[in-house]
Amino acid sequence: MVFSHKEFGLKINNLYEILATTYKFSMENMEFIPNTSCMGIRIIQKGKVEMYPYPTTVTFENLKNNGLVLINFVDNIYLYALSA
C-alpha cells in the first residue's frame, strides 16, 4: 500500500511539524513502552516520508530497532508545545 499524501492535503517538499510516536518492547516487563517526540517531516515523493531524528534519541533507537512510527498531525500549537 502506498501512502497517498494528496488524500491528506500534504504537498511534496513542504515541512510539516508532527508528533512522532515510536515504541520499544521490554522483554523484562513484557510490555510496549511508547515514546513521543516533536519532529519535522517532508513528503519527498509519492509514498515516501523523510524524517531525521537525532542519533542519540530514544526515537532514533526505536526506529532503528523496529522501523515503526505513528505520525500525529496536531493543529493545536499548545499541545505541540507541551510535548516539546
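Residues numbered from 1 in each chain as written. Predicted model: local features only at pLDDT ≥ 70, side-chain atom pairs only at ≥ 80, totals over all residues. Heavy atoms only, no water.

**Q** I'm lost on the side chain of Ser37 in this one. Help?
**A** Locating Ser37 in the fold gives a position in strand E2 (residues 31–45). Residue Ser37 is classed as buried on the basis of its relative accessible area of 17%. There is a polar contact of 2.8 Å between the side chain of Ser37 and the side chain of Thr59. In contact with Ser37, other than residues within four places in its own chain, are Ile18, Leu19, Ala20 and Thr59. (Helix = DSSP H or I, 4+ residues; strand = E, 2+ residues; numbered from the N terminus. Buried < 20%, exposed > 50% of the residue type's maximum accessible area, 1.4 Å probe, protein only. Polar contact = N/O pair within 3.5 Å; in protein donor to acceptor, adjacent residues only side chain to side chain. Contact = heavy atoms within 4.5 Å.)

**Q** Is there a simple way to think about the pattern of salt bridges in this case?
**A** Oppositely charged side chains are able to pair whenever their charged atoms sit close together. Enumeration over the complete set of coordinates arrives at 1 salt bridge. A salt bridge links Glu61 to Lys64, with the shortest nitrogen-to-oxygen separation between them at 3.7 Å. Of this pair, Glu61 and Lys64 are both found in helix H1 (residues 58–66), 3 residues apart, which corresponds to roughly one turn of the helix. The exposed category is assigned to Lys64, whose relative accessible area is 55%. (Salt bridge = Lys/Arg side-chain N within 4 Å of Asp/Glu carboxyl O.)

**Q** I'm lost on the sheet that holds E2 in this one. Help?
**A** Note on sheets: strands pair through backbone hydrogen bonds, and any given pair is parallel or antiparallel. The strand order across the open sheet built from 4 strands is E3-E2-E1-E4, with neighbouring strands paired in antiparallel fashion. Of all the strands in the sheet, the pair left with one neighbour each is strand E3 (48–51) and strand E4 (70–72). The mean angle between the axes of side-by-side strands here comes to 45°, regardless of whether they run parallel or antiparallel. Pairing analysis gives 12 bridges linking strand E1 (residues 15–26) to E2, with the strands arranged antiparallel. (Pairing = 2+ DSSP bridges. Axes fitted to C-alpha atoms, helices over the stretch in contact; angles between N-to-C directions.)

**Q** Sorry if this is basic, but what is going on with the pairing of E2 here?
**A** When a strand is regular, its side chains alternate between the sheet's two faces. Here E1 hands over to E2 after 4 residues, with Met30 in that stretch at a positive phi of 55°. Between E2 and E3, which pair antiparallel in sequence order, lie 2 residues; one of them, Gly47, sits at a positive phi of approximately 85°.

**Q** What should I look at first to understand the packing of aromatic side chains in this one?
**A** The description of two aromatic rings rests on the distance between their centres and on the angle between their planes. Counted according to the given criterion, the structure contains 3 aromatic pairs. Ring geometry for Tyr23 and Phe32: centres 4.9 Å apart, planes at 80°, overall edge-to-face. The exposure class of Tyr23 is partly exposed, given its relative accessible area of 26%. Centre to centre, the rings of Phe25 and Phe32 are 5.0 Å apart; their planes meet at 65°, and the pair counts as edge-to-face. For Phe32, a relative accessible area of 55% corresponds to the exposed category. Of the aromatic side chains, those joined through ring pairs into one cluster are Tyr23, Phe25 and Phe32. (Phe/Tyr/Trp six-rings, centres within 6.5 Å; stacked < 30°, edge-to-face > 60°.)

None of the figures reported here should be taken as evidence of function without further support.
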